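A look at the structure
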Amino acid sequence: MPGRPRAALAMWTDSADAVFDVDTLRLLGEVCDLEPAVLDDLATDHARSVLAEVELLVTGWGCPRLTEAVLAGAPRLRAVVHTGGSVRAQVTRACWDRGIEVTSAAAANALPVAEYTVAMILLTGKHVLERARHHRVLRSPDDWLRTPKTIGNFGRTIGVLSASTIGRRVVELLRPFDFHVLLHDPYVTPDEAAALGVEQVDLPGLFARSDLVSVHTPLLPRTRGLVSRDLIDAMRPGAVLLNTARGAVVDQDALTDAVGENRIRAVLDVTDPEVLPPRHPLWDSHNVLITPHLAGSQGNEWRRLADVAVAEVGRWVGGEGFAHPVRRELFGQLA
């Protein structure tokens, strides 16, 4: 098919193998002239020769940063389709300076994170992990009629920190449940909060009133340590801090103290650093669940990312424009 744009995959080879299968690569090849080799290093002679001609880059985890110097060697590049969520590690402002269009699969990647979040909200409401551990020790019937009324999901107050793409998806998935949802996000207007069906509160109110606070704010210079010691200390006894965003958003020393004193519980899919040192006290805290940054797309969920990328390439080639564009003006607020 003459006139098809020349395209290349720019990411770790393992990323390409994980995200794309034979079918999705075939679909990409139907709408563009796809370079067969994956570019995991943009400084090689072969990569430079490809970049000199490429009009479209499909990027993923491991793609080198598209700096001004890299883009100078890609004079025909007009679009970047990112198969991951955040584009911050790959894209620079030089892309928009050059008029290059950018899209990402952030909306698709938000779904498994939101699903994980809701699952953990429900499990912590039932105290599933603690009660399962207790049951394993006792190996006897549970005296369920004496279950404390602090256990259960009816009428819980759930606090959502940031109406990011993931935060909004969490709010959406929480609607069928008997929860009261609070939201703190300085960029959300009262009308937007009403449309989301949440109560808008200030940051101290979010932590003081919630039975569980779910962190979805991006890690930016101004959000590092945003979940401070004062906020953690203000949480209700037995409340849960759930973090699927970035570990450095939370004051980890303050969190370690709070869970070590059995004041609160925590579910951490992210820590600072990842992975925690082997002797870090959070590993041995009985009221903390640490998972290995697994909330985002994995396994069969990668196909969703590939499908979004293929659809976006098809729209762009057909002149329709991206369905999920990443705007320059929002770049400073992205994770």
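Quick notes on the rules
- Residues numbered from 1 in each chain as written.
- Predicted model: local features only at pLDDT ≥ 70, side-chain atom pairs only at ≥ 80, totals over all residues.
- Heavy atoms only, no water.
- Buried < 20%, exposed > 50% of the residue type's maximum accessible area, 1.4 Å probe, protein only.
- Helix = DSSP H or I, 4+ residues; strand = E, 2+ residues; numbered from the N terminus.
- Right-handed = clockwise from strand over helix to strand, strands pointing away.
- Pairing = 2+ DSSP bridges.
- Salt bridge = Lys/Arg side-chain N within 4 Å of Asp/Glu carboxyl O.
- UniProt positions renumbered as here; feature names shortened; annotations may be inferred.
- Contact = heavy atoms within 4.5 Å.
- Axes fitted to C-alpha atoms, helices over the stretch in contact; angles between N-to-C directions.
- Core = buried A, V, L, I, M, F, W, Y, C linked by side-chain atoms within 4.5 Å.

**Focus: the pairing of strand β11 (residues 265-268)**
- Here β11 shows two buried faces, one formed by Arg265 and Val267 and the other by Ala266 and Leu268.
- With helix α12 (residues 252-260) bridging strand β10 (residues 240-243) and its parallel neighbour β11, the resulting β-α-β unit is right-handed.
- When β11 meets strand β12 (residues 288-290), the two strands line up parallel, connected through 3 bridges. Residue pairing in the sheet places Ala266 in a bridge with Val288 of β12.

**Side note on the pairing of strand β3 (residues 56-59)**
- Burial along β3 is two-sided: the residues Leu56 and Val58 and Leu57 and Thr59 are all buried.
- As paired elements, strand β1 (residues 6-10) and β3 share 4 bridges and run parallel to each other. From the neighbouring strand, Leu9 faces β3, where its bridge partner is Val58.
- Looking at chain direction, β3 and strand β4 (residues 79-82) are connected through 4 bridges and run parallel. Residue pairing for β4: Val58 is matched across the bridge by Val81.

**Thoughts on unusual backbone geometry**
- A cis amide bond links Asp272 with the next residue in sequence, Pro273, at an omega value of 5 degrees.
- Locating Pro273 in the fold gives a position in the loop between β11 and β12.
- With an omega of 10 degrees, the peptide bond between Glu274 and Val275 qualifies as cis.
- Within the secondary structure, Val275 is located in the loop between β11 and β12.
- Phi at Arg139 takes a positive value of approximately 50 degrees, unusual for a residue other than glycine.
- With respect to the helices and strands, the residue Arg139 is situated in the loop between α7 (128-138) and β6 (156-161).

**Points about the pattern of salt bridges**
- Evaluated as defined, the whole model comprises 20 salt bridges.
- Across the pair Arg76 and Glu55 runs a salt bridge, and its minimum N-O distance is 3.6 Å. Of this pair, Arg76 sits in the loop between α4 (68-72) and β4 while Glu55 sits in the loop between α3 (45-51) and β3, and the two are 21 residues apart along the sequence.
- Of the residues examined, Arg76 reaches a relative accessible area of 39% and is grouped as partly exposed.
- Of the charged contacts in the structure, one is a salt bridge between Arg315 and Glu320, with a shortest N-O distance of 3.7 Å.
- Arg315 gets classed as partly exposed once you look at its relative accessible area, which sits at 27%.
- Each of the salt bridges in this network shares a partner with another, and the network as a whole consists of Glu53, Glu55, Arg76 and Arg78.

**What about the UniProt feature "domain: D-isomer specific 2-hydroxyacid dehydrogenase NAD-binding" (unreviewed entry) in the protein chain?**
- Under the UniProt annotation, "domain: D-isomer specific 2-hydroxyacid dehydrogenase NAD-binding" (unreviewed entry) lies at residues 143-295.
- The annotated region residues 143-295 carries 25% helix and 19% strand content, and the separation between its end C-alpha atoms amounts to 33 Å.

**Side note on the UniProt feature "domain: D-isomer specific 2-hydroxyacid dehydrogenase catalytic" (unreviewed entry) in the protein chain**
- Residues given the UniProt feature "domain: D-isomer specific 2-hydroxyacid dehydrogenase catalytic" (unreviewed entry) here are residues 35-325.
- For the annotated span residues 35-325, helix accounts for 35% and strand for 14% of the residues, and the straight-line distance between the end C-alpha atoms is 24 Å.

**Describing the sheet that holds β12**
- Pairing in this open sheet of 7 strands is parallel, and the strands run β8-β7-β6-β9-β10-β11-β12 from one edge to the other. The sheet is open, and its two borders are formed by β8 (199-200) and β12, each paired with just one other strand.
- Of the strand pairs in this sheet, strand β9 (residues 212-215) and β10 are connected by 4 bridges, and their pairing is parallel. Bridge pairing in β10 links Val213 to Leu241.
- Sheet contacts for helix α6 (residues 106-125): β6, β7 (179-184), β9, β10, β11 and β12; angle to β10, the most-contacted strand, approximately 160 degrees.

**Quick word on the nonpolar core**
- Core analysis: the largest hydrophobic core is formed by 27 residues, its most contacted members being Phe207, Val227, Ile232, Leu241 and Leu255.
- Looking at this core, the elements with two or more residues in it are α10 (203-209), β9, α11 (229-233), α12 and β11.
- Per element, the largest residue contribution to this core is 4 residues, and it comes from α12.
- Once residues within four sequence positions are removed from consideration, Phe207 is found in contact with Leu161, Val213, Val227, Leu231, Ala234, Met235, Arg236 and Leu241.

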